[in-house]
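# Residue-level structure breakdown
So the chains spell out like this:
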Amino acid sequence: MSFHNDIDDIRECLESGGKVIVSIDADEIWFGESDDLFTPGDGPNHAVEVIGIDYSNPDEPMVILNDSGNPNGCGEMVPLDAFMDAWEDGNFQMIACM
Amino acid sequence: MEQTVFIEQVKKNLKSNAFFLNCKIPMGYTAGFPILQVRNGSLCVTFPYLRYKTTGVVDKTLVYPIRYMITMELPTEKIVLFEDLEYNEKFRNIDFRKPVGYFRHEEIRQYNKARYKALYDELMQEYDKVINSLIYCTDYSAEDEKRMKELLQLLVEPSLLPMYKALDNDFYNKYLAKG
C-alpha cells in the first residue's frame, strides 16, 4: 500500500499483470456532475478496483473501474479528470498486487 | 515573517500520516471544520472526524455525529492526542450510528457546489491568517476575526454545534456562538 501515486503507477502495474485497488471519494464519481448534490467531505469513502485505462480518445482518456457501489459498476468508465479528483481525496492511495 | 502554515495542507498531510493510519478511523469519515486551541502553551489544531452519507437526494445527505478527534501541535504537525468519542463519558448519550441532521442546512441551501467551495476556501484562508498570526506574528485584523466568525457560523452544520461546544467551549464561544 502506498500514497502519492500517479496514473502511470496504475498503468505500469496493470501492464505488468498486476491488480490495483484505490481509495476514492466516490461521491465525486457518482454525483460529480450535480451542482447541488455534494458534501463538505473531502476524504476517501470507497474502494474500487482499477481494471484499465483507455487512451483510445487522447482528448478524453477514461479509467475503467470495478465499482461495487454502482449497480452498473462492472467496467464502469470514468473520465480521467474526474477519477483523479476523486483519487486525490485519498492522497492517491493505491494497493498493488502483483 | 513569511506565512508558512496552510491548514488545508496540514489536513492533507494527515491523511497519509503513519500515526493517523494506525488510529484506524474507518473509511468514509472526513475532517470537519478544525478547532484551534492553546495547549501547554502551544497552538494546536483539532480535526473532528465525522461522516456524511449521500442518499442521492438533494439536501438529504445524512450528517452523523463527530466520532473521532485528532489534535496536532502547530507548526510541527506532531500529533498530541487522538480520541474515539464513543469512549468518552461526556458523549455517552450520543448514538453515533444515528444521523443528527442533513446537508445542506437551510442557511446554505442556496449555495451550489462552486459557491460553497469558494466560501469554504475563504474560511480556510481565515484559519491560515489566525494560525500564522499566532505563530509568526503576521498581520491579523479585527475584520479577519469577524469574517472567520461569519463563515464558521454559516458553514458549520447546526446539528453539530452542541458537539463543538462540548469539545471546546472556548472555541465555540469565540467563533460559533451567535449573538
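Data block above holds the structure.
Okay, so let's go over this structure. All values reported here derive from a predicted model rather than from experimental measurement. (Residues numbered from 1 in each chain as written. Chains lettered and ligands numbered in written order. Predicted model: local features only at pLDDT ≥ 70, side-chain atom pairs only at ≥ 80, totals over all residues.)

### Considering the overall build of chain B
- Each helix and strand in chain B was counted, giving six helices and seven strands.
- Helices and strands appear in chain B in the N-to-C order α-α-β-β-β-β-β-β-β-α-α-α-α.
- Taken over the C-alpha trace, chain B has a radius of gyration of 16 Å; the compact-globule value for 179 residues is 16 Å, and the two agree within 12%.
- Counting only C-alpha atoms and orienting by the principal axes, one finds that chain B spans roughly 45 × 40 × 30 Å.
- The proportion of buried residues among the 179 residues of chain B is 26%.
- Long-range pairs, those at least 24 residues apart, make up 59% of the contacts in chain B with a sequence separation of at least 6. (Helix = DSSP H or I, 4+ residues; strand = E, 2+ residues; numbered from the N terminus. Rg over C-alpha atoms; globule rule 2.2 N^0.38 Å. Buried ≥ 20, exposed ≤ 12 C-beta atoms within 10 Å, placed from the backbone. Contact = placed C-beta atoms within 7 Å.)

### Digging into the nonpolar core
Residue and element names in this part refer to chain B.
- With 33 residues, the main nonpolar core has Phe47, Tyr49, Ile66, Tyr68 and Met69 as its most contacted residues.
- If you list the elements that add at least two residues to this core, you get α1 (7-15), β1 (29-31), β2 (35-39), β3 (42-53), β5 (68-73), α3 (113-136), α4 (142-155) and α5 (161-167).
- Here the element with the most residues in this core is β3; it accounts for five residues.
- Among residues more than four places away in sequence, those in contact with Ile66 are Gly32, Pro48, Tyr49, Leu50, Leu85, Leu160 and Met163. (Core = buried A, V, L, I, M, F, W, Y, C linked by C-beta atoms within 7 Å.)

### Some words on α4 of chain B
All names here are of chain B.
- Over its 14 residues, α4 extends 20 Å from the first C-alpha to the last, a length consistent with the 20 Å expected when each residue adds 1.5 Å.
- Those residues of α4 lying buried are Met148, Leu151 and Leu155. Down the axis of α4, the smallest arc covering the buried residues is 70 degrees, so these residues share one side. Residues of α4 that are exposed and angled more than 90 degrees away from the buried face: Ala142, Glu143 and Lys146.
- Taken together, the buried residues of α4 touch α3 and α6 (169-176). (Expected span 1.5 Å × (residues − 1). Arc of directions from axis to C-beta.)

### Some details on the pairing of strand β2 (residues 46-54) of chain A
All names here are of chain A.
- Bridge count between strand β1 (residues 19-24) and β2: five bridges; the pairing is antiparallel. Looking across to β2, one finds that Ile21 is bridged to Glu49.
- As judged from the five bridges shared by β2 and strand β3 (residues 62-66), these two strands associate in the antiparallel manner. Paired with Val50 across the strands is Leu65, a residue of β3. (Pairing = 2+ DSSP bridges.)

### Quick word on the sheet that holds strand β5 (residues 94-97) of chain A
Residue and element names in this part refer to chain A.
- Judged by pairing direction, the sheet is antiparallel, and its five strands sit side by side in the order β4-β3-β2-β1-β5 without closing on themselves. Lying at the two open borders of the sheet, with one neighbouring strand each, are β4 (74-79) and β5. Strand-to-strand twist of the sheet, defined as the mean angle between neighbouring strand axes without regard to direction, takes the value 35 degrees.
- Strand contacts of helix α1 (residues 7-15): β1, β2 and β5, with the helix running at about 75 degrees to β2, the strand carrying the most contacts.
- Along the sheet face, helix α3 (residues 80-88) touches β1, β3 and β4 and points at about 95 degrees away from the line of β4. (Axes fitted to C-alpha atoms, helices over the stretch in contact; angles between N-to-C directions.)

### Points about the interface of chain B and chain A
- Between chain B and chain A, the residue contacts involve 16 residues of the former and 16 residues of the latter.
- Elements supplying a minimum of two residues to the side of chain B that touches chain A: α1, β1 and α3 of chain B.
- The element best represented in the side of chain B that touches chain A is β1 of chain B, accounting for three residues.
- Residue composition of the side of chain B that touches chain A, by class: seven nonpolar, six polar and three charged. (Nonpolar A, V, L, I, M, F, W, Y, C, P; charged D, E, K, R; others polar.)

### Details of the pairing of strand β6 (residues 78-84) of chain B
All names here are of chain B.
- Inspection of the sheet shows β5 paired to β6 by six bridges, in the antiparallel sense. From the neighbouring strand, Tyr68 faces β6, where its bridge partner is Asp84.
- Here β5 hands over to β6 after four residues, with Glu77 in that stretch at a positive phi of 65 degrees.

Note that every value here comes from positions in space, so none of it alone points to a role or purpose.
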